[in-house]
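Chain and residue survey
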Amino acid sequence: SPSQLDIGSFLSVFNGLCKPAGGSVLENAMREASIAYDGMFEARGVGKGTSAGTGMAILWPLRASYTADTETFDDYLFSLRYKTLSAPKWTSFIRAFLNSTTPSSQGVACQNSAESSIVPDRPNQLLLKPGLSGSGSA
């Protein structure tokens with residue numbers, strides 16, 4: 001089943017975990033995305049239990065769900081019949097992400113690398129408790 005991701009929370013957490021290298025394309029893109037995101041709001045507030053929420057969530061399907069039922073996802077989320085016309089680049093990005101593999105560490109723009117202390121025992125397992133290493137870690 002599809003999942004949702006809070007955009008502002010994602011940008012903040014990703015930036016904190018990655019620590020993009022100064023002046024990199026990634027650092028500039030993250031800054032521009034954060035400015036554009038913040039500029040969409042007149043006012044924001046959070047309630048009890050929603051402190052991590054920043055006001056807008058987006059579709060972010062779990063890779064395991066996509067892999068288990070690719071045909072349904074492709075038909076309902078990525079076909080021209082059902083695609084959100086106002087966000088065609090987003091659906092293209094999500095589809096590419098769900099079909100991607102882990103890249104090599106060559107040319108990585110993050111100063112930190114997340115290395116999990118957990119060994120996966122099944123495909124697509126979420127590896128919690130990552131340890132950070134690198135020149136940008138605290």
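Computed from a predicted structure; not experimentally measured.

A separate point is the overall build of the protein. From N to C terminus, the protein includes five helices and four strands. Counting from the amino terminus, the protein carries its helices and strands in the arrangement β-α-α-β-α-α-α-β-β. When burial is assessed residue by residue, the protein has 16% of its 138 residues classed as buried. Counting only contacts in the protein whose residues sit at least 6 apart along the sequence, the fraction spanning at least 24 positions is 55%. Carbon and sulfur atoms make up 59% of the accessible area of the protein, which totals about 9800 Å².

Quick look at helix α1 (residues 7-18) now. With twelve residues, α1 should cover 16 Å at 1.5 Å per step; its first-to-last C-alpha distance of 16 Å lies within 8% of that length. Capping of α1 at its N-terminal end is provided by Asp6; its side-chain oxygen lies 3.3 Å from the backbone amide nitrogen of Gly8. Positive phi shows up at Lys19, right after α1, with a value of about 50°.

On to the confidence of the model for the protein. For the protein, the average pLDDT comes to 74, and 68% of its residues sit at 70 or higher. Confidence, read as mean pLDDT per element, is least for strand β4 (residues 130-134) in the protein (49) and greatest for helix α2 (residues 25-38) (90).

So, about the packing of aromatic side chains. Two aromatic rings, taken as a pair, are described by how far apart their centres are and by the angle between their planes. In total, this model carries five aromatic pairs according to the counting rule given. Ring centres 5.1 Å apart and planes at 75° place the aromatic pair Tyr37 and Phe41 in the edge-to-face group. We classify Tyr37 as buried; its relative accessible area is 4%. Overall, the relative accessible area of 21% leaves Phe41 in the partly exposed class. The structure contains a cluster of three or more aromatic residues connected by ring pairs, namely Phe10, Phe14, Trp60 and Phe97. Here the basic side chain of Arg63 rests over the ring of Phe97, its NZ or CZ set 4.6 Å away from the ring centre.

Bringing the packing of α1 against α2 into the picture now. It is the contact of α1 with α2, at a shortest axis distance of 10 Å, that shows an interaxial angle of 155°. Considering the angle they form, α1 stands roughly antiparallel to α2. Seen along the crossing, α1 lies across α2 with a hand that is left-handed. Residues Ile7, Gly8, Leu11, Phe14, Asn15 and Cys18 of α1 form the contact with α2, whose participating residues are Leu26, Met30, Ala33, Ser34 and Tyr37.

Looking at the element boundaries, Asp6 is found in strand β1 (residues 4-6). For Asp6, a relative accessible area of 19% translates into the label buried. There is a polar contact of 3.3 Å between the side chain of Asp6 and the backbone nitrogen of Gly8. In this structure the side chain of Asp6 is engaged in a polar contact, spanning 2.6 Å, whose partner is the side chain of Thr54.

About the cut-offs
- Residues numbered from 1 in each chain as written.
- Predicted model: local features only at pLDDT ≥ 70, side-chain atom pairs only at ≥ 80, totals over all residues.
- Heavy atoms only, no water.
- Helix = DSSP H or I, 4+ residues; strand = E, 2+ residues; numbered from the N terminus.
- Buried < 20%, exposed > 50% of the residue type's maximum accessible area, 1.4 Å probe, protein only.
- Contact = heavy atoms within 4.5 Å.
- Areas by Shrake-Rupley, 256 points an atom, 1.4 Å probe, with all protein chains shown as cover.
- Expected span 1.5 Å × (residues − 1).
- Polar contact = N/O pair within 3.5 Å; in protein donor to acceptor, adjacent residues only side chain to side chain.
- pLDDT = per-residue confidence, 0-100.
- Phe/Tyr/Trp six-rings, centres within 6.5 Å; stacked < 30°, edge-to-face > 60°.
- Lys NZ or Arg CZ within 6 Å of the ring centre and 35° of its normal.
- Axes fitted to C-alpha atoms, helices over the stretch in contact; angles between N-to-C directions.
- Parallel < 35°, antiparallel > 145°, perpendicular 65-115°, else oblique.
- Left-handed = near helix turned anticlockwise from the far one by under 90°.

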